[in-house]
Amino acid sequence: MSPMRWMTEATCGNARAGHLHTAHGIVPTPTFMPVGTAGTVKAMTMDAVRSTGAGIVLGNTYHLMLRPGAERVRKMGGLHRMMDWSGPILTDSGGFQVMSLGALRKLDQDGVTFNSHIDGSKHRLTPEISTDIQHALDATITMCFDECPALPATPERIEQSMQLSMRWAARSREAFVPRLGYGQFGIVQGGTERELRERSVRALTDIGFEGYAIGGLAVGEGQELMFSTLDYTTPLLPGTHARYLMGVGTPDDLLGAVERGVDMFDCVMPTRAGRTARAYTERGTLNMRNARHAEDNRPISPHCDCLACTRHSRAYLHHLFRNNEILGPMLLTWHNLAYYQRLMRTIRAAIVASNLPAVAAGLRADWAAGDW
Ligand SMILES: CNc1nc2c(CC[C@H]3O[C@@H](OC)[C@@H]4OC(C)(C)O[C@@H]43)c3nc(N)[nH]c(=O)c3cc2[nH]1
Ligand SMILES: [Zn+2]
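Reading the values: the criteria
- Residues numbered from 1 in each chain as written.
- Chains lettered and ligands numbered in written order.
- Predicted model: local features only at pLDDT ≥ 70, side-chain atom pairs only at ≥ 80, totals over all residues.
- Heavy atoms only, no water.
- Helix = DSSP H or I, 4+ residues; strand = E, 2+ residues; numbered from the N terminus.
- Polar contact = N/O pair within 3.5 Å; in protein donor to acceptor, adjacent residues only side chain to side chain.
- Near = heavy atom within 4 Å.
- Areas by Shrake-Rupley, 256 points an atom, 1.4 Å probe, with all protein chains shown as cover.
- Nonpolar A, V, L, I, M, F, W, Y, C, P; charged D, E, K, R; others polar.
- Donors = N, O, S within 2.8 Å, 3.2 Å for Na, K, Ca; no water.
- Patch = residues over 30% accessible without salt bridge, like charges linked within 9 Å, V, L, I, M, F, W, Y side chains within 5 Å.
- Salt bridge = Lys/Arg side-chain N within 4 Å of Asp/Glu carboxyl O.
- Buried < 20%, exposed > 50% of the residue type's maximum accessible area, 1.4 Å probe, protein only.
- Core = buried A, V, L, I, M, F, W, Y, C linked by side-chain atoms within 4.5 Å.
- Contact = heavy atoms within 4.5 Å.
- pLDDT = per-residue confidence, 0-100.
- Disulfide = S-S within 2.5 Å.
- Phe/Tyr/Trp six-rings, centres within 6.5 Å; stacked < 30°, edge-to-face > 60°.
- Axes fitted to C-alpha atoms, helices over the stretch in contact; angles between N-to-C directions.
- Parallel < 35°, antiparallel > 145°, perpendicular 65-115°, else oblique.
- Left-handed = near helix turned anticlockwise from the far one by under 90°.

## A short note on the side chain of E147
At step 1: Here E147 is to be found in the loop between strand 10 (141–143) and helix 7 (155–175).
At step 2: Within the structure, E147 has its side chain in polar contact with the side chain of S161 (distance 2.6 Å).

Dropping the structure here:
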(Lines give C-alpha, C1' and ligand atoms only; values in the text may rest on other atoms or scores of the structure.)
(Ligands and ions follow the chains in the order given, each with its own letter.)
Protein backbone atom coordinates (compact mmCIF):
# COMPACT_ATOMS: atom_id res chain seq x y z
CA MET A 1 0.00 0.00 0.00
CA SER A 2 1.58 3.25 -1.12
CA PRO A 3 0.54 6.68 0.15
CA MET A 4 -2.97 7.50 -1.13
CA ARG A 5 -3.08 7.94 -4.90
CA TRP A 6 -5.62 8.59 -7.63
CA MET A 7 -5.34 6.65 -10.91
CA THR A 8 -6.94 7.70 -14.19
CA GLU A 9 -9.07 5.10 -15.99
CA ALA A 10 -10.52 7.20 -18.83
CA THR A 11 -11.03 10.80 -19.93
CA CYS A 12 -13.69 12.44 -22.09
CA GLY A 13 -12.93 16.08 -22.80
CA ASN A 14 -11.91 17.56 -19.43
CA ALA A 15 -13.93 14.94 -17.54
CA ARG A 16 -12.05 12.04 -15.89
CA ALA A 17 -12.98 8.61 -14.60
CA GLY A 18 -10.57 6.99 -12.18
CA HIS A 19 -10.03 5.24 -8.84
CA LEU A 20 -8.94 6.69 -5.50
CA HIS A 21 -6.77 4.08 -3.72
CA THR A 22 -6.95 4.42 0.09
CA ALA A 23 -6.18 2.42 3.24
CA HIS A 24 -9.94 1.86 3.59
CA GLY A 25 -10.65 0.72 0.05
CA ILE A 26 -10.67 1.82 -3.58
CA VAL A 27 -13.31 4.34 -4.66
CA PRO A 28 -14.37 4.87 -8.30
CA THR A 29 -14.49 8.55 -9.29
CA PRO A 30 -16.34 10.76 -10.04
CA THR A 31 -17.85 10.17 -6.61
CA PHE A 32 -20.47 11.84 -4.42
CA MET A 33 -19.68 11.76 -0.69
CA PRO A 34 -22.70 11.71 1.64
CA VAL A 35 -22.35 14.22 4.46
CA GLY A 36 -22.04 12.59 7.86
CA THR A 37 -21.33 15.74 9.87
CA ALA A 38 -21.55 14.48 13.47
CA GLY A 39 -20.60 10.87 12.79
CA THR A 40 -23.91 9.97 11.21
CA VAL A 41 -25.50 10.42 7.80
CA LYS A 42 -28.70 11.88 9.18
CA ALA A 43 -31.72 9.51 9.14
CA MET A 44 -29.63 6.70 7.59
CA THR A 45 -28.13 3.47 8.92
CA MET A 46 -24.71 2.79 7.41
CA ASP A 47 -26.15 -0.38 5.82
CA ALA A 48 -28.59 1.88 3.98
CA VAL A 49 -25.73 4.23 2.98
CA ARG A 50 -23.74 1.23 1.70
CA SER A 51 -26.77 -0.02 -0.26
CA THR A 52 -26.87 3.25 -2.24
CA GLY A 53 -23.33 2.56 -3.50
CA ALA A 54 -21.59 5.39 -1.60
CA GLY A 55 -17.80 4.97 -1.45
CA ILE A 56 -16.61 7.75 0.91
CA VAL A 57 -18.54 9.59 3.63
CA LEU A 58 -17.77 12.93 5.28
CA GLY A 59 -17.24 13.69 8.92
CA ASN A 60 -16.43 16.99 10.51
CA THR A 61 -13.83 18.33 12.90
CA TYR A 62 -15.97 21.20 14.17
CA HIS A 63 -18.99 19.13 15.17
CA LEU A 64 -17.07 16.13 16.51
CA MET A 65 -14.60 18.20 18.59
CA LEU A 66 -17.58 19.77 20.36
CA ARG A 67 -19.53 16.54 20.76
CA PRO A 68 -18.50 13.82 21.66
CA GLY A 69 -14.92 15.25 21.55
CA ALA A 70 -11.98 13.91 19.54
CA GLU A 71 -10.43 12.13 22.55
CA ARG A 72 -13.64 10.20 23.21
CA VAL A 73 -13.89 9.22 19.49
CA ARG A 74 -10.29 7.99 19.66
CA LYS A 75 -11.07 5.98 22.82
CA MET A 76 -14.08 4.46 21.03
CA GLY A 77 -11.72 3.17 18.34
CA GLY A 78 -11.98 6.07 15.90
CA LEU A 79 -14.77 7.29 13.66
CA HIS A 80 -14.82 4.18 11.41
CA ARG A 81 -15.51 1.91 14.36
CA MET A 82 -18.02 4.25 15.95
CA MET A 83 -19.98 4.81 12.73
CA ASP A 84 -19.73 1.19 11.54
CA TRP A 85 -18.20 2.41 8.27
CA SER A 86 -15.10 0.54 7.04
CA GLY A 87 -14.74 2.65 3.87
CA PRO A 88 -12.79 5.90 3.55
CA ILE A 89 -13.86 8.92 5.61
CA LEU A 90 -12.97 12.50 4.64
CA THR A 91 -13.16 15.05 7.44
CA ASP A 92 -13.47 18.77 6.83
CA SER A 93 -11.09 20.86 8.91
CA GLY A 94 -13.64 22.95 10.80
CA GLY A 95 -12.82 26.47 9.66
CA PHE A 96 -15.73 26.72 7.29
CA GLN A 97 -18.19 25.47 9.89
CA VAL A 98 -16.99 28.03 12.44
CA MET A 99 -17.65 30.72 9.81
CA SER A 100 -20.91 29.23 8.46
CA LEU A 101 -22.38 28.41 11.85
CA GLY A 102 -21.82 32.04 12.71
CA ALA A 103 -20.35 30.95 16.03
CA LEU A 104 -19.03 33.95 17.96
CA ARG A 105 -15.48 33.88 16.75
CA LYS A 106 -12.22 35.81 16.76
CA LEU A 107 -9.94 35.20 13.78
CA ASP A 108 -6.21 35.93 14.15
CA GLN A 109 -3.09 35.05 12.16
CA ASP A 110 -2.60 31.93 14.24
CA GLY A 111 -6.10 30.45 14.17
CA VAL A 112 -9.66 31.03 15.30
CA THR A 113 -11.21 31.23 18.76
CA PHE A 114 -14.94 30.58 18.98
CA ASN A 115 -17.81 29.77 21.29
CA SER A 116 -19.61 26.48 20.71
CA HIS A 117 -23.02 26.94 19.06
CA ILE A 118 -24.14 24.10 21.34
CA ASP A 119 -23.31 25.31 24.86
CA GLY A 120 -21.32 28.52 24.39
CA SER A 121 -18.08 26.91 25.65
CA LYS A 122 -14.85 28.45 24.36
CA HIS A 123 -12.71 26.57 21.80
CA ARG A 124 -9.72 27.22 19.56
CA LEU A 125 -8.78 25.84 16.16
CA THR A 126 -5.40 26.28 14.49
CA PRO A 127 -3.86 24.32 11.59
CA GLU A 128 -2.08 22.11 14.15
CA ILE A 129 -5.12 21.54 16.39
CA SER A 130 -7.40 20.77 13.41
CA THR A 131 -4.87 18.34 11.89
CA ASP A 132 -4.35 16.59 15.26
CA ILE A 133 -8.14 16.24 15.73
CA GLN A 134 -8.53 14.71 12.26
CA HIS A 135 -5.71 12.28 13.13
CA ALA A 136 -7.49 11.33 16.35
CA LEU A 137 -10.65 10.74 14.31
CA ASP A 138 -8.58 8.41 12.10
CA ALA A 139 -9.75 10.32 8.99
CA THR A 140 -8.64 8.65 5.75
CA ILE A 141 -8.52 12.06 4.06
CA THR A 142 -7.57 15.09 6.16
CA MET A 143 -8.40 18.60 4.96
CA CYS A 144 -6.12 21.57 5.49
CA PHE A 145 -7.29 24.17 8.00
CA ASP A 146 -8.33 27.12 5.89
CA GLU A 147 -10.34 30.33 5.98
CA CYS A 148 -13.24 30.51 3.55
CA PRO A 149 -14.27 34.17 3.16
CA ALA A 150 -18.00 34.93 2.98
CA LEU A 151 -19.00 36.49 -0.35
CA PRO A 152 -19.45 39.20 -1.43
CA ALA A 153 -15.96 40.30 -0.41
CA THR A 154 -13.51 42.86 -1.83
CA PRO A 155 -10.55 41.50 -3.89
CA GLU A 156 -8.29 42.77 -1.10
CA ARG A 157 -10.20 40.76 1.54
CA ILE A 158 -10.11 37.68 -0.75
CA GLU A 159 -6.34 38.13 -1.24
CA GLN A 160 -5.66 38.52 2.50
CA SER A 161 -7.79 35.45 3.24
CA MET A 162 -6.14 33.34 0.51
CA GLN A 163 -2.66 34.25 1.73
CA LEU A 164 -3.64 33.34 5.30
CA SER A 165 -5.05 30.00 4.10
CA MET A 166 -1.83 29.25 2.22
CA ARG A 167 0.24 29.92 5.37
CA TRP A 168 -2.16 27.68 7.24
CA ALA A 169 -1.84 24.99 4.52
CA ALA A 170 1.93 24.85 5.09
CA ARG A 171 1.38 24.50 8.86
CA SER A 172 -1.34 21.86 8.28
CA ARG A 173 1.09 19.88 6.12
CA GLU A 174 3.80 20.18 8.77
CA ALA A 175 1.41 18.79 11.41
CA PHE A 176 0.11 15.94 9.20
CA VAL A 177 1.26 12.43 10.16
CA PRO A 178 1.82 10.53 6.86
CA ARG A 179 0.43 6.99 6.88
CA LEU A 180 0.19 4.49 4.02
CA GLY A 181 -3.18 4.81 2.29
CA TYR A 182 -4.01 8.04 4.13
CA GLY A 183 -3.80 11.51 2.62
CA GLN A 184 -4.17 15.22 3.12
CA PHE A 185 -5.81 17.60 0.64
CA GLY A 186 -4.84 21.21 0.10
CA ILE A 187 -7.73 23.64 -0.44
CA VAL A 188 -7.47 26.20 -3.26
CA GLN A 189 -8.84 29.61 -2.33
CA GLY A 190 -8.96 32.97 -4.12
CA GLY A 191 -12.70 33.59 -4.57
CA THR A 192 -13.56 34.28 -8.23
CA GLU A 193 -10.30 36.17 -8.86
CA ARG A 194 -8.27 34.33 -11.53
CA GLU A 195 -4.86 35.68 -10.51
CA LEU A 196 -5.49 34.77 -6.84
CA ARG A 197 -6.63 31.24 -7.75
CA GLU A 198 -3.46 30.76 -9.84
CA ARG A 199 -1.27 31.92 -6.92
CA SER A 200 -3.16 29.63 -4.52
CA VAL A 201 -2.69 26.57 -6.77
CA ARG A 202 1.06 27.30 -7.07
CA ALA A 203 1.40 27.69 -3.30
CA LEU A 204 -0.32 24.35 -2.67
CA THR A 205 1.45 22.34 -5.38
CA ASP A 206 4.80 23.72 -4.08
CA ILE A 207 3.92 22.18 -0.69
CA GLY A 208 2.57 18.97 -2.29
CA PHE A 209 -0.57 17.09 -1.19
CA GLU A 210 -2.22 13.73 -1.99
CA GLY A 211 -5.17 15.59 -3.50
CA TYR A 212 -6.51 19.10 -4.05
CA ALA A 213 -9.85 20.64 -3.10
CA ILE A 214 -11.38 23.73 -4.65
CA GLY A 215 -12.76 25.73 -1.76
CA GLY A 216 -14.32 29.16 -1.50
CA LEU A 217 -17.14 28.29 -3.90
CA ALA A 218 -20.82 27.35 -3.44
CA VAL A 219 -20.99 30.29 -1.05
CA GLY A 220 -23.59 32.26 -3.01
CA GLU A 221 -21.60 33.20 -6.13
CA GLY A 222 -24.07 31.36 -8.41
CA GLN A 223 -23.49 28.53 -10.91
CA GLU A 224 -22.16 30.66 -13.77
CA LEU A 225 -19.38 32.21 -11.67
CA MET A 226 -18.66 28.83 -10.07
CA PHE A 227 -18.26 27.19 -13.49
CA SER A 228 -16.14 30.02 -14.91
CA THR A 229 -13.86 29.77 -11.85
CA LEU A 230 -13.55 26.02 -12.44
CA ASP A 231 -12.79 26.61 -16.15
CA TYR A 232 -9.46 28.25 -15.27
CA THR A 233 -8.72 26.57 -11.93
CA THR A 234 -8.99 22.79 -12.52
CA PRO A 235 -6.58 22.77 -15.52
CA LEU A 236 -3.90 24.29 -13.23
CA LEU A 237 -4.11 21.35 -10.81
CA PRO A 238 -1.89 18.26 -11.32
CA GLY A 239 -3.73 15.86 -13.66
CA THR A 240 -2.47 12.90 -11.63
CA HIS A 241 -4.24 13.90 -8.39
CA ALA A 242 -7.88 13.82 -7.26
CA ARG A 243 -9.84 17.08 -7.31
CA TYR A 244 -12.62 17.75 -4.76
CA LEU A 245 -15.14 20.61 -5.17
CA MET A 246 -16.35 21.40 -1.65
CA GLY A 247 -20.02 21.75 -0.81
CA VAL A 248 -21.37 21.08 -4.33
CA GLY A 249 -24.14 20.62 -5.32
CA THR A 250 -27.32 20.08 -7.32
CA PRO A 251 -27.35 17.31 -9.97
CA ASP A 252 -26.83 20.01 -12.64
CA ASP A 253 -23.86 21.43 -10.65
CA LEU A 254 -22.29 17.96 -10.40
CA LEU A 255 -22.61 17.28 -14.14
CA GLY A 256 -21.13 20.67 -15.09
CA ALA A 257 -18.28 20.32 -12.59
CA VAL A 258 -17.41 16.78 -13.79
CA GLU A 259 -17.31 18.18 -17.35
CA ARG A 260 -14.76 20.72 -15.98
CA GLY A 261 -12.46 18.07 -14.48
CA VAL A 262 -13.74 17.60 -10.91
CA ASP A 263 -13.65 14.09 -9.35
CA MET A 264 -15.17 14.36 -5.82
CA PHE A 265 -18.17 16.15 -4.34
CA ASP A 266 -20.00 16.62 -1.05
CA CYS A 267 -23.28 18.41 -0.47
CA VAL A 268 -25.95 18.47 2.23
CA MET A 269 -28.70 18.87 -0.40
CA PRO A 270 -29.81 15.22 -0.89
CA THR A 271 -29.86 14.51 2.86
CA ARG A 272 -31.36 17.89 3.88
CA ALA A 273 -33.97 17.59 1.07
CA GLY A 274 -34.83 14.09 2.31
CA ARG A 275 -35.77 15.58 5.67
CA THR A 276 -37.82 18.38 4.11
CA ALA A 277 -39.96 16.21 1.79
CA ARG A 278 -38.06 17.17 -1.41
CA ALA A 279 -37.43 14.20 -3.73
CA TYR A 280 -34.74 14.22 -6.43
CA THR A 281 -35.63 12.38 -9.63
CA GLU A 282 -34.40 12.08 -13.23
CA ARG A 283 -37.17 14.58 -14.07
CA GLY A 284 -36.31 17.23 -11.48
CA THR A 285 -37.52 17.48 -7.87
CA LEU A 286 -40.90 16.76 -6.24
CA ASN A 287 -42.42 18.21 -3.06
CA MET A 288 -43.88 15.09 -1.47
CA ARG A 289 -46.18 17.19 0.73
CA ASN A 290 -48.01 18.37 -2.39
CA ALA A 291 -51.63 17.10 -2.46
CA ARG A 292 -51.22 15.87 -6.05
CA HIS A 293 -49.28 12.88 -4.67
CA ALA A 294 -52.04 11.86 -2.22
CA GLU A 295 -53.38 8.98 -4.36
CA ASP A 296 -50.44 8.45 -6.73
CA ASN A 297 -49.49 4.80 -6.48
CA ARG A 298 -46.39 5.14 -8.67
CA PRO A 299 -42.89 5.00 -7.16
CA ILE A 300 -40.99 8.29 -6.79
CA SER A 301 -38.84 7.16 -9.74
CA PRO A 302 -39.36 4.14 -12.05
CA HIS A 303 -35.54 3.89 -12.40
CA CYS A 304 -34.75 3.61 -8.69
CA ASP A 305 -33.91 0.48 -6.66
CA CYS A 306 -34.19 2.12 -3.24
CA LEU A 307 -36.63 0.91 -0.55
CA ALA A 308 -38.99 3.86 -1.08
CA CYS A 309 -39.28 3.08 -4.81
CA THR A 310 -39.37 -0.74 -4.65
CA ARG A 311 -41.72 -1.17 -1.67
CA HIS A 312 -43.74 2.04 -1.45
CA SER A 313 -45.55 4.73 -3.46
CA ARG A 314 -45.64 8.50 -3.75
CA ALA A 315 -48.97 8.36 -1.91
CA TYR A 316 -47.30 6.63 1.05
CA LEU A 317 -44.44 9.16 1.18
CA HIS A 318 -47.03 11.96 1.01
CA HIS A 319 -48.91 10.34 3.91
CA LEU A 320 -45.73 9.96 6.00
CA PHE A 321 -44.71 13.60 5.57
CA ARG A 322 -48.23 14.92 6.15
CA ASN A 323 -48.20 12.97 9.43
CA ASN A 324 -44.62 13.98 10.32
CA GLU A 325 -43.72 10.30 10.59
CA ILE A 326 -40.00 9.57 11.16
CA LEU A 327 -40.07 7.00 8.35
CA GLY A 328 -40.67 9.82 5.84
CA PRO A 329 -37.22 11.45 6.18
CA MET A 330 -35.62 8.00 6.44
CA LEU A 331 -37.08 6.69 3.18
CA LEU A 332 -36.67 9.96 1.25
CA THR A 333 -33.07 10.51 2.37
CA TRP A 334 -32.36 6.95 1.24
CA HIS A 335 -34.00 7.66 -2.11
CA ASN A 336 -32.17 10.97 -2.67
CA LEU A 337 -28.76 9.45 -1.88
CA ALA A 338 -29.58 6.49 -4.16
CA TYR A 339 -30.46 8.98 -6.92
CA TYR A 340 -27.18 10.92 -6.46
CA GLN A 341 -25.15 7.69 -6.55
CA ARG A 342 -26.99 6.45 -9.64
CA LEU A 343 -26.36 9.80 -11.33
CA MET A 344 -22.61 9.56 -10.60
CA ARG A 345 -22.53 5.98 -11.95
CA THR A 346 -24.33 7.13 -15.12
CA ILE A 347 -21.86 9.99 -15.61
CA ARG A 348 -18.85 7.76 -14.89
CA ALA A 349 -20.02 5.09 -17.39
CA ALA A 350 -20.45 7.80 -20.04
CA ILE A 351 -16.85 9.00 -19.51
CA VAL A 352 -15.53 5.42 -19.80
CA ALA A 353 -17.60 4.97 -22.98
CA SER A 354 -16.37 8.35 -24.34
CA ASN A 355 -20.00 9.32 -24.61
CA LEU A 356 -20.38 12.08 -22.00
CA PRO A 357 -21.68 14.87 -24.30
CA ALA A 358 -24.63 12.77 -25.51
CA VAL A 359 -25.43 11.42 -22.02
CA ALA A 360 -25.12 14.94 -20.54
CA ALA A 361 -27.55 16.30 -23.14
CA GLY A 362 -29.98 13.50 -22.25
CA LEU A 363 -29.73 14.21 -18.53
CA ARG A 364 -30.35 17.92 -19.04
CA ALA A 365 -33.30 17.25 -21.34
CA ASP A 366 -34.87 14.92 -18.77
CA TRP A 367 -34.37 17.41 -15.89
CA ALA A 368 -36.16 20.01 -18.01
CA ALA A 369 -38.95 17.64 -19.16
CA GLY A 370 -40.77 17.74 -15.83
CA ASP A 371 -42.41 14.92 -13.85
CA TRP A 372 -43.62 11.70 -15.49
C1 LIG B 1 -22.04 24.42 0.80
N2 LIG B 1 -20.98 25.15 0.20
C3 LIG B 1 -19.71 25.01 0.65
N4 LIG B 1 -19.35 24.15 1.64
C5 LIG B 1 -18.01 24.37 1.81
C6 LIG B 1 -17.12 23.79 2.72
C7 LIG B 1 -17.64 22.81 3.73
C8 LIG B 1 -17.98 21.50 3.28
C9 LIG B 1 -18.42 20.81 4.56
O10 LIG B 1 -19.44 21.56 5.22
C11 LIG B 1 -20.72 20.99 5.06
O12 LIG B 1 -21.43 21.62 3.98
C13 LIG B 1 -21.86 22.94 4.35
C14 LIG B 1 -20.44 19.57 4.68
O15 LIG B 1 -20.68 18.80 5.81
C16 LIG B 1 -19.45 18.61 6.48
C17 LIG B 1 -19.32 17.19 6.98
C18 LIG B 1 -19.34 19.66 7.56
O19 LIG B 1 -18.43 18.78 5.51
C20 LIG B 1 -18.97 19.49 4.42
C21 LIG B 1 -15.77 24.26 2.75
N22 LIG B 1 -14.89 23.71 3.67
C23 LIG B 1 -13.63 24.20 3.72
N24 LIG B 1 -12.76 23.70 4.63
N25 LIG B 1 -13.17 25.20 2.90
C26 LIG B 1 -13.98 25.74 1.95
O27 LIG B 1 -13.53 26.68 1.21
C28 LIG B 1 -15.35 25.27 1.85
C29 LIG B 1 -16.24 25.82 0.90
C30 LIG B 1 -17.58 25.35 0.90
N31 LIG B 1 -18.66 25.74 0.18
ZN1 LIG C 1 -35.85 5.63 -4.90
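Next comes the rest of the write-up.
## Remarks on the site of ligand 1
At step 1: Residues in contact with ligand 1 amount to 22 residues; listed here are only the nearest, D92, Q97, D146, G216 and L217.
At step 2: Here Q97 contributes a side-chain N or O atom positioned 2.8 Å from an oxygen atom of ligand 1.
At step 3: G216 places a polar main-chain atom, nitrogen or oxygen, 2.7 Å from an oxygen atom of ligand 1.
At step 4: Notes on ligand 1: free accessible area 600 Å², of which the protein chains cover 91%.
At step 5: Going through the elements one at a time, strand 5 (57–60) and helix 5 (95–100) are the ones with two or more residues in the shell around ligand 1.
At step 6: Looking at the shell around ligand 1 element by element, the count peaks at three residues for strand 5.
At step 7: A breakdown of the residues in the shell around ligand 1 according to their chemical character gives ten nonpolar, nine polar and three charged.

## A short note on the coordination of the zinc ion (ligand 2)
At step 1: Around the zinc ion (ligand 2), the donor atoms from the protein are C304 (SG), C306 (SG), C309 (SG) and H335 (ND1), and they sit 2.1 to 2.3 Å away.
At step 2: Of note, the zinc ion (ligand 2) draws all its donor residues from one chain, in the sequence arrangement C-x1-C-x2-C-x25-H. With C304 in the loop between strand 16 (284–287) and helix 12 (307–311) and H335 in helix 14 (residues 327–352), this pair connects stretches of sequence that are 31 residues apart.

## Some words on a nonpolar patch on the surface
At step 1: Judged by side-chain polarity, I326, L327 and M330 come together as a nonpolar surface patch covering roughly 270 Å² of accessible area.
At step 2: Mapped onto the fold, I326 is located in the loop between helix 13 (314–322) and helix 14.
At step 3: When its relative accessible area of 66% is taken as the criterion, I326 is described as exposed.

## Notes on the nonpolar core
At step 1: Formed by 72 residues in total, the largest nonpolar core has its most connected members in L245, F265, I347 and I351.
At step 2: Apart from residues lying up to four places away in sequence, I351 is in contact with A10, T11, C12, A15, R16, A17, P30, V258 and L356.
At step 3: Within the second largest apolar cluster, 18 residues are counted, among which are M4, M33, V35 and Y244.

## A look at helix 13
Two residues of an α-helix separated by three or four positions point the same way, owing to the 3.6 residues in each turn.
At step 1: Along helix 13, the residues classified as buried are R314, A315, L317, H318, L320 and F321.
At step 2: The inward-facing, buried residues of helix 13 abut helix 11 (269–275), strand 16, helix 12 and helix 14.
At step 3: Positioned one or two residues after helix 13, N324 has a phi angle of 50 degrees, which is positive.

## So, the confidence of the model for the protein chain
At step 1: Confidence along the protein chain averages 96 in pLDDT terms, with 99% of residues attaining 70 or more.
At step 2: Mean pLDDT per element in the protein chain: helix 5 is the minimum at 84, and helix 10 (residues 251–259) is the maximum at 99.
At step 3: For this predicted complex, the interface confidence score (ipTM) comes to 0.95, while the overall pTM stands at 0.98.

## Quick notes on the state of the cysteines
At step 1: Under the defined criterion, the tally for this structure stands at zero disulfides.
At step 2: As a non-bridged cysteine, C148 has C267 as the owner of its nearest cysteine sulfur, 14 Å distant.
At step 3: Among the residues examined, C267 registers a relative accessible area of 5% and is labelled buried.

## Re the packing of aromatic side chains
Within a pair of aromatic rings, the relevant descriptors are the distance that separates the centres and the angle that separates the planes.
At step 1: Under the definition given, this model contains six aromatic pairs.
At step 2: Between the aromatic rings of Y62 and F114, the centroid separation amounts to 5.4 Å while the plane-to-plane angle is 40 degrees, which identifies the pairing as tilted. In this pair, Y62 sits in helix 2 (residues 61–66) while F114 sits in strand 8 (residues 112–115), placing the two residues 52 residues apart along the sequence.
At step 3: On the basis of relative accessible area, Y62 is assigned to the buried category, the value being 0%.

## Things to note about the packing of helix 10 against helix 14
At step 1: Following both chains from N to C, one finds helix 10 and helix 14 inclined at 25 degrees, their axes separated by 11 Å at the closest point. For the element pair helix 10 / helix 14, the angle class is roughly parallel. The handedness of the crossing between helix 10 and helix 14 comes out as right-handed. Contact with helix 10, carried on its side by P251, L254, L255 and V258, involves Y339, Y340, L343, M344, I347 and I351 of helix 14 and no other residues of that element.
At step 2: Among the residues making up the contact of helix 10 with helix 14, the classes are represented as ten nonpolar, no polar and no charged.

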